[in-house]
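Descriptive structure summary
Chain by chain, the residues run as shown.
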Amino acid sequence: MTGFASFVKKESLHILRDKWTLLIILIFPIVELLLFGFAISIEIKNINFAVSVPHRTEAIRKQVEQISSNPYFTFRGYISGNEVDKELRSGKSDAVVEFSKDNSVLIALDASNPNKAMEGAGYLQSILMSGNSNASETTSNLSSIIPETHMLYNPQMNSAYNFVPGIMGLIFILICAMMTSVSIVREKETGTMDVLLVSPVKPIRIIFAKMVPYFTLSCINLACILFLARYVLKVPMSGNLGGVIGISLLYLSLALALGLLISTVTSKQITALIISGMLLLLPIIMLSGMVFPIENMPAALKPLTYIVPARWYISAIRKLMIEGLPFKYVLKEFSVLLTMTLFLVALALKNFKDKME
Amino acid sequence: MRQDAIEINGISKNYGALKALDGITFNVGRGEVFGLIGPDGAGKSTLFRILVTLIDSDGGSAKVDGMDILNDYHSIRNKIGYMPGKFSLYPDLTVEENINFFAALFHVTLEQNYDLIAPIYKQIEPFKTRRAGKLSGGMKQKLALCCSLIHKPDVLFLDEPTTGVDAVSRSEFWDMLLELQKKGLSILVSTPYMDEASKCNRIALINGGKILDINTPDGIVNNFKEPLYAVSGTNMYGILTATRQEKEVVDCYPFGAAHHIVASENFNPEFLKQTLEERGFKNIELNKTKAGIEDVFIKLMHTQ
């Protein structure tokens, strides 16, 4: 067996024998994806509402029926006008629709969860409006202009679509950067690096051999994620699959280079772990647009997002996977990632010493 | 004439204000087993790490196998075997996998230099499918030695190879080293155990980053000219303090089951025995004894 192959074999044995870590590497992305895809959802699906009304007229009964028939709303019952506050405070209802004698409608919402309140208000308004227009079909009502909204690419506003690219951006950094840096630093910590250095083989070749199995594992993860996204979460994958894979492989290389760089500046596994955690994970979650839209960030933070590789990756994956754009539309993201990768590789190699401190 | 295996010329290393090594100078000849004897923290490992080109020294120069440790460190790494003090193999790989990995690291196969490592390898071969982490301390050392010999190095660096190993394995290990010496290897070995020193051709006593003495083990011991006595009895601690107060006693220190007394020329053992008995110590035994390396070490340390 040639040198390089036997180094790869040795590294693969380390991973295969560490059953728990292997299990985590393989299962974690799947769990994460399913968790975000199904359980953790930011869209509002169940709003409890009550109705306060002076007289239950037929028109009002119809309107209440209309709201209840919407799958997002559950009708809790009629309450009297002075019970509104109590109803909302007790949490029995998230919204109360108050019809008053002069035919005006007041919607009171529990805004302790602003997302829920905003979305609930929007839904309720549109239902009531359409109810009004139905009711007043006979009478002329010129003032009511009802805008028609189309949600393109993600018509159901399905949050899984948003999370799949985000999770991919997160997982690959986690596995490639964190695992490689920890496994290189482990050799420093246990002293095996000393023996490796005192050998004719250029240590950098051993380091590259180390990356091969992690790269392979990440490719397996990539395949799993794409499969789950397509067939379980029903992400359309309308675009160019080759492009998705290509840019993902580039992103994997970037993560590996980042891991190598981290390993050159640390000598303890725990430090490597903390650096990967704090320096990589948090920015990915906070600044990549995975959870919080970059457009909403304070101006001071926006430039920071430019140096987060995940931002470019996630944006490219969204374009390719969800919007279904051809590859030429992600050329900007691609070149940014490529430049970052080359820069990180150069920096890591420059930093890598074949002596100890 | 071939150069010495190792030539060390005034090597120094500082860690901040701490002088880990302070002007170390000595040579190790071809085919010599050279022992570096000193307590923990004496600077043995630091010197090893400098010589095997893992860290750079702050001053001085050294040659290993005729090559400069600063300029030719890549070539040196082809020619030396290094066994660090800490067990530095992969505990999750089997004995065989470890050996094959290290063979690949040095571009050789186990078969190529089998004659060199065979006597050692045969002892661990029955366990070749066992994970290295599950081996006993002595077996681990043998495996590590195998791995450091796999490429038939010219010079072997063994940093405290017998620390944490039982007495039988230690003695076996030294037999193996002497076998390797017969095959022409030059060996620099460090140990905190004074009893192992006598098996080396020459030894250097090191403490606080300085060489105290360099000689053959016999030469070192023969330099101990002062009369040396061993005293024992009941209440050893009382005897120690009482003896130290005596005028003709230069030094007295615990040594195994007895106390060793370094005496001046006018020392009268009968008088001391009498004095101790008068002070109420019982079962006093006081005999002249031969100095060992440890006695030399303590003497040099106390005069340092």
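Residues numbered from 1 in each chain as written. Chains lettered and ligands numbered in written order. Predicted model: local features only at pLDDT ≥ 70, side-chain atom pairs only at ≥ 80, totals over all residues. Heavy atoms only, no water.

1. Some thoughts on the sheet that holds strand β4 (residues 59-64) of chain B
Residues and elements named next belong to chain B. Across the sheet, 4 strands lie side by side as β2-β1-β4-β5; this open sheet has antiparallel pairing. With partners counted over all chains shown, the strands left at the sheet margins are β2 (18-28) and β5 (67-68), one partner each. Where β4 and β5 come together, 2 bridges link them in antiparallel fashion. Along β5, the bridge assignment pairs V64 with M67. Of the strands in this sheet, β1 (6-15), β2 and β4 touch helix α1 (residues 44-51), which is tilted by about 120° from β1. (Pairing = 2+ DSSP bridges. Helix = DSSP H or I, 4+ residues; strand = E, 2+ residues; numbered from the N terminus. Contact = heavy atoms within 4.5 Å. Axes fitted to C-alpha atoms, helices over the stretch in contact; angles between N-to-C directions.)

2. Re the packing of helix α9 (residues 241-265) of chain A against helix α13 (residues 331-351) of chain A
All names here are of chain A. Running from N to C, α9 and α13 cross one another at 25°; their axes reach a closest spacing of 8 Å. Taken together, α9 and α13 sit at an angle that is classed as roughly parallel. Relative to α13, the crossing made by α9 is left-handed. Residues I247, L250, Y251, S253, L254, A257, L258, L260, L261, T264 and V265 of α9 pack against F334, L337, L338, M340, T341, L344, V345, L347, A348 and N351 of α13. (Parallel < 35°, antiparallel > 145°, perpendicular 65-115°, else oblique. Left-handed = near helix turned anticlockwise from the far one by under 90°.)

3. Description of the domain arrangement of chain A
For chain A, the assigned domains are domain 1 (2-41 + 159-356) and domain 2 (47-152). Between the C-alpha centres of domain 1 of chain A and domain 2 of chain A there is a distance of 47 Å. (Domains from an automatic or database assignment.)

4. Re the nonpolar core
If you look at the biggest cluster of nonpolar residues, it comprises 170 residues, and the most contacted ones within it are M168(A), M321(A), I99(B) and F157(B). Considering each element in turn, this core owes the most residues, 16 residues, to helix α6 (residues 159-190) of chain A. Excluding residues that lie within four positions of it along the chain, I99(B) makes contacts with L110(B), Y121(B), I124(B), L143(B), C146(B), C147(B) and I150(B). Counting residues in hydrophobic clusters, the runner-up holds 15 residues, among them Y229(B), V231(B), L240(B) and F281(B). (Core = buried A, V, L, I, M, F, W, Y, C linked by side-chain atoms within 4.5 Å. Buried < 20%, exposed > 50% of the residue type's maximum accessible area, 1.4 Å probe, protein only.)

5. Overview of the pattern of salt bridges
Here the structure, examined in full by the defined rule, presents 22 salt bridges over all chains. For K13(B), the salt bridge goes to D58(B), with nearest N and O atoms at 4.0 Å. Remark: D58(B) occurs in the loop between α1 and β4 and K13(B) occurs in strand β1; sequence separation between them is 45 residues. Here R202(B) makes a salt bridge to E32(B), at a shortest N to O gap of 2.6 Å. Residue R202(B) is located in strand β9 (residues 202-207), and its partner E32(B) is located in the loop between β2 and β3 (33-37); the two are separated by 170 residues in the primary sequence. Connected through salt bridges with shared partners, the residues K10(A), E11(A), E187(A) and K210(A) form a single ionic network. (Salt bridge = Lys/Arg side-chain N within 4 Å of Asp/Glu carboxyl O.)

6. Focus on the environment of L51(B)
Residues and elements named next belong to chain B. For L51, the position within the fold is in helix α1. Exposure remark for L51: the relative accessible area of 0% places this residue in the buried category. In this structure the C-alpha to C-alpha distance between L51 and L116, which are 65 residues apart in sequence, comes to 23 Å. When near neighbours in sequence (up to four residues on either side) are disregarded, L51 contacts I6, I8, A62, V64, I69, F157 and L188.

7. Let's talk about the packing of aromatic side chains
Summed over the entire model, instances satisfying the criterion amount to 16 aromatic pairs over all chains. Measuring from ring centre to ring centre gives 6.1 Å for F48(B) and F157(B), while their planes differ by 80°; the resulting arrangement is edge-to-face. With F48(B) in helix α1 and F157(B) in strand β7 (residues 155-158), the pair connects residues that are 109 residues apart, well separated along the chain. With centroids separated by 5.0 Å and ring planes inclined at 50°, the aromatic side chains of Y229(B) and F267(B) adopt a geometry described as tilted. In this pair, Y229(B) is assigned in strand β11 (residues 228-232) and F267(B) in the loop between β13 (258-263) and α10 (269-278), connecting sequence segments 38 residues apart. Overall, Y229(B) belongs to the buried group, its relative accessible area being 10%. Judged by its relative accessible area of 11%, F267(B) falls in the buried class. A connected cluster of aromatic rings, assembled from ring pairs, spans F7(A), Y90(B), F101(B) and F102(B). Cation over ring: R230(A) sits above Y231(A), and NZ or CZ is 5.4 Å from the ring centre. (Phe/Tyr/Trp six-rings, centres within 6.5 Å; stacked < 30°, edge-to-face > 60°. Lys NZ or Arg CZ within 6 Å of the ring centre and 35° of its normal.)

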